[in-house]
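Understanding the architecture of this molecule
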2 protein chains.
Amino acid sequence: MPHDAALCATQQPCEICPIRYRAVCAHCEGDELAELEGMKFYRRYEAGQVVVWAGDRMDFVASVIAGMAGLTQQLEDGRTQMVGLLLPSDFLGRPGREVAAYTVTATSDLLLCCFRRKPFEKLLIDNPRIASRLLEMTLDELDAARDWLLLLGRKSAREKIASLLVILARRAAALVKRRPEGRIVIELPLTREAMADYLGLTLETVSRQMSTLKREGVIELDGKRRVIVPSFVRLVTESGDDSDGGPLS
Amino acid sequence: MPHDAALCATQQPCEICPIRYRAVCAHCEGDELAELEGMKFYRRYEAGQVVVWAGDRMDFVASVIAGMAGLTQQLEDGRTQMVGLLLPSDFLGRPGREVAAYTVTATSDLLLCCFRRKPFEKLLIDNPRIASRLLEMTLDELDAARDWLLLLGRKSAREKIASLLVILARRAAALVKRRPEGRIVIELPLTREAMADYLGLTLETVSRQMSTLKREGVIELDGKRRVIVPSFVRLVTESGDDSDGGPLS
DNA sequence: CGCCAATTTGACGAGCCTCAACTCGCGTGG
DNA sequence: CCACGCGAGTTGAGGCTCGTCAAATTGGCG
């Protein structure tokens, strides 16, 4: 019954959508946008709810409007790895695929802008603007996945935690077209276990490293889910890769 | 001078190309194919040669015709992670990007079918067949990267080695539209160090695990670079994920 | 106030890394 | 022809990081 739980919510017009210029619809205008607007519907999920199970039929694709979801993969013995993090403006689902390849779980309250898959696929064929934006987004996701490979393969537990915080800070800043600087606050819509699944660690190790970073003044904690970073550059240093995060794309 | 080293080779017509129906040109016919044929040129690299350095300008995109290449990323202190494996029919380069994001190295002798980037980008806009094939291939790569995340994050050294062998066997079999079964032979166009970089291990650990798998009869070695697998299902069991590898896509 | 889930902390061990020595195959040149 | 060097690979000893198991603590909420 995962689907029943996703009740529709009041829809907003695309013009005032917070992800209007970052999602798959970014380059659409006029008729194209109207067409998307006509076929869209919202779904809302609570933190912890499963959006789809790997192997289940999936009849829609969607953009994340607000909140956060994780794509998760498992070995038979239960070992779990998160293989994707869906943040606002990210795209969910694969056109041309009937069955979900990964389990998708809302890690915080989540709002999706959905399109039925078949009509959306048709749109992709007729409408090069959408298709090329989707290609661009997929290529970006592939780059992000490759950065994650470096993290999983070569970084220490401490560097992994710092890297995750850096990513969340950058994504949050990008939504408001800024670049993280100085003292910042990061909302952590993830349990320690979800962080562990993302980072290829155990939740105990995550907890220990968070404590260490706090003890050393790299971060401060306000409750369990809000992180204050006194110096963003310090955090980036701790993450191991010294790049500046590239242009504000 | 990496580019000078890539001398042109005798070109073959697309009709008899071994990757004709798997590469980015797979769905092209008639005029489209002729256009690609008119603009293509070959480049050849020897094992160990660098195709491009991360950060270098890159004026072409390409399909791998034969051989193997690795995409590689590094932290400043030198830790290295391979983040992509390019096998025959795989696509190299990102349309719309001037500068290579990763260092590309030939891990065996390599033959590329290249297209200058600008004309190819124009083709992508005019020609939905090519664009949609590229989207499909990018999505496949993303899936492969996500499988790799699971491997790096959660598998033991032994499982990692077995997984790599399974992947190479599957890719080699797919090229001739078959499925690996029973006793098979795998060509390993990778040094122990390249394997380690791919698997997030050290070369010593790779060597030890290879020895262990050999001692236990899971594999046999013919020289350093040829692996004989008496029972493919046994190898898949050792890899940790018990799936059958899905349909012959 | 008390329960429960999430998180933290501690003790200990396993797996993989580091450093180092040794082997193997192969091409080179005396 | 064979010593030699060299790069790739193998093997060994010991240590560190992170995982496992277990217990204590915290915080939210009825």
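Just so we're clear, the structure is a prediction, and the values are computed from it rather than from any experiment.

A few words on the relation of the copies chain B and chain A. When chain B is brought onto chain A, the operation consists of a screw motion whose angular component is 180° and whose axial shift is 0.0 Å, with 0.0 Å RMSD remaining. Given the turn and translation reported, the copies of this chain are related as if by a two-fold rotation axis. Most of the interface of chain B is mirrored in chain A, where 100% of its interface residues again form contacts.

We now examine the sheet that holds strand β9 (residues 184-187) of chain A. Consider a sheet: its strands pair through backbone hydrogen bonds, and that pairing is either parallel or antiparallel. Residues and elements named next belong to chain A. Spatial ordering of the open sheet is given by β9-β11-β10, a layout of three strands whose pairing is antiparallel. Bordering the open sheet on either side are β9 and β10 (220-221), each of which pairs with just one other strand. One ladder, built from two bridges, connects β10 with strand β11 (residues 226-229); its direction is antiparallel. Considered in β11, the bridge of Glu220 is made with Ile228. In the packing of helix α4 (residues 157-175) onto the sheet, contacts are made with β9 and β11, and the angle to β9 comes to roughly 100°.

The local shell around DNA strand C holds 16 residues, among which Thr191, Ser207 and Ser211 of chain A together with Ser156 and Thr205 of chain B are the closest. Elements supplying a minimum of two residues to the surface near DNA strand C: α5 (192-199) and α6 (203-215) of chain A together with α6 (203-215) of chain B. Its residues placed into classes, the surface near DNA strand C shows four nonpolar, six polar and six charged.

This part covers the domain arrangement of chain A. Residues and elements named next belong to chain A. According to the domain assignment, chain A consists of domain 1 (14-141) and domain 2 (155-238). Taking only C-alpha atoms, the centre of domain 1 and the centre of domain 2 are 25 Å apart. If you look at the interface, domain 1 gives twelve residues, while domain 2 gives eight residues. Counting residues per element, the ones that place at least two in the side of domain 1 that touches domain 2 are β4 (69-74) and β5 (80-86). Partitioning the side of domain 1 that touches domain 2 into residue classes produces five nonpolar, seven polar and no charged.

Bringing the UniProt feature "domain: HTH crp-type" (unreviewed entry) in chain A into the picture now. Per the UniProt record, "domain: HTH crp-type" (unreviewed entry) is found at residues 155-233 of chain A. End C-alpha atoms of residues 155-233 of chain A are separated by 18 Å, and the span's content is 53% helix alongside 13% strand.

Taken together, 17 residues form the shell around DNA strand D, and within it Ser156 and Thr205 of chain A together with Thr191, Ser207 and Ser211 of chain B come nearest. For the surface near DNA strand D, the secondary structure elements donating two or more residues are α6 of chain A together with α5 (192-199) and α6 of chain B. Looking at side-chain class alone, the surface near DNA strand D contains four nonpolar, seven polar and six charged residues.

Remark: helix α3 (residues 128-154) of chain A packs on helix α3 (residues 128-154) of chain B, axes separated minimally by 9 Å, with the N-to-C direction vectors making an angle of 20°. In this view, α3 of chain A runs roughly parallel relative to α3 of chain B, as classed from their interaxial angle. Considering only the axes of α3 of chain A and α3 of chain B, their crossing is left-handed. Residue composition of the contact of α3 of chain A with α3 of chain B, grouped by class: 20 nonpolar, six polar and four charged.

Residue-level pLDDT values for chain A average 92, and 94% of them are 70 or greater. Counting interchain partners and residues more than four positions distant, the pLDDT-below-50 stretch residues 1-5 of chain A has six contacts.

Turning our eyes to something else, we now look at the interface of chain B and chain A. Taken together, the contacts link 31 residues of chain B with 31 residues of chain A. For the side of chain B that touches chain A, the secondary structure elements donating two or more residues are β5 (80-86) and α3 of chain B. Looking at the side of chain B that touches chain A element by element, the count peaks at 18 residues for α3 of chain B. Along the lines of polarity and charge, the residues of the side of chain B that touches chain A split into 14 nonpolar, eight polar and nine charged.

All names here are of chain B. The buried fraction of α5 amounts to six of the eight residues, a majority that puts the element mostly inside the structure. Listing the buried residues of α5 in full gives Ala194, Met195, Ala196, Asp197, Tyr198 and Leu199. Count one or two residues on from α5 and you reach Gly200, which has phi positive near 70°.

About the cut-offs
Residues numbered from 1 in each chain as written. Chains lettered and ligands numbered in written order. Predicted model: local features only at pLDDT ≥ 70, side-chain atom pairs only at ≥ 80, totals over all residues. Least-squares fit on C-alpha atoms with pLDDT ≥ 70 in both. Contact = placed C-beta atoms within 7 Å. Pairing = 2+ DSSP bridges. Helix = DSSP H or I, 4+ residues; strand = E, 2+ residues; numbered from the N terminus. Axes fitted to C-alpha atoms, helices over the stretch in contact; angles between N-to-C directions. Near = placed C-beta within 6 Å. Nonpolar A, V, L, I, M, F, W, Y, C, P; charged D, E, K, R; others polar. Domains from an automatic or database assignment. UniProt positions renumbered as here; feature names shortened; annotations may be inferred. Parallel < 35°, antiparallel > 145°, perpendicular 65-115°, else oblique. Left-handed = near helix turned anticlockwise from the far one by under 90°. pLDDT = per-residue confidence, 0-100. Buried ≥ 20, exposed ≤ 12 C-beta atoms within 10 Å, placed from the backbone.

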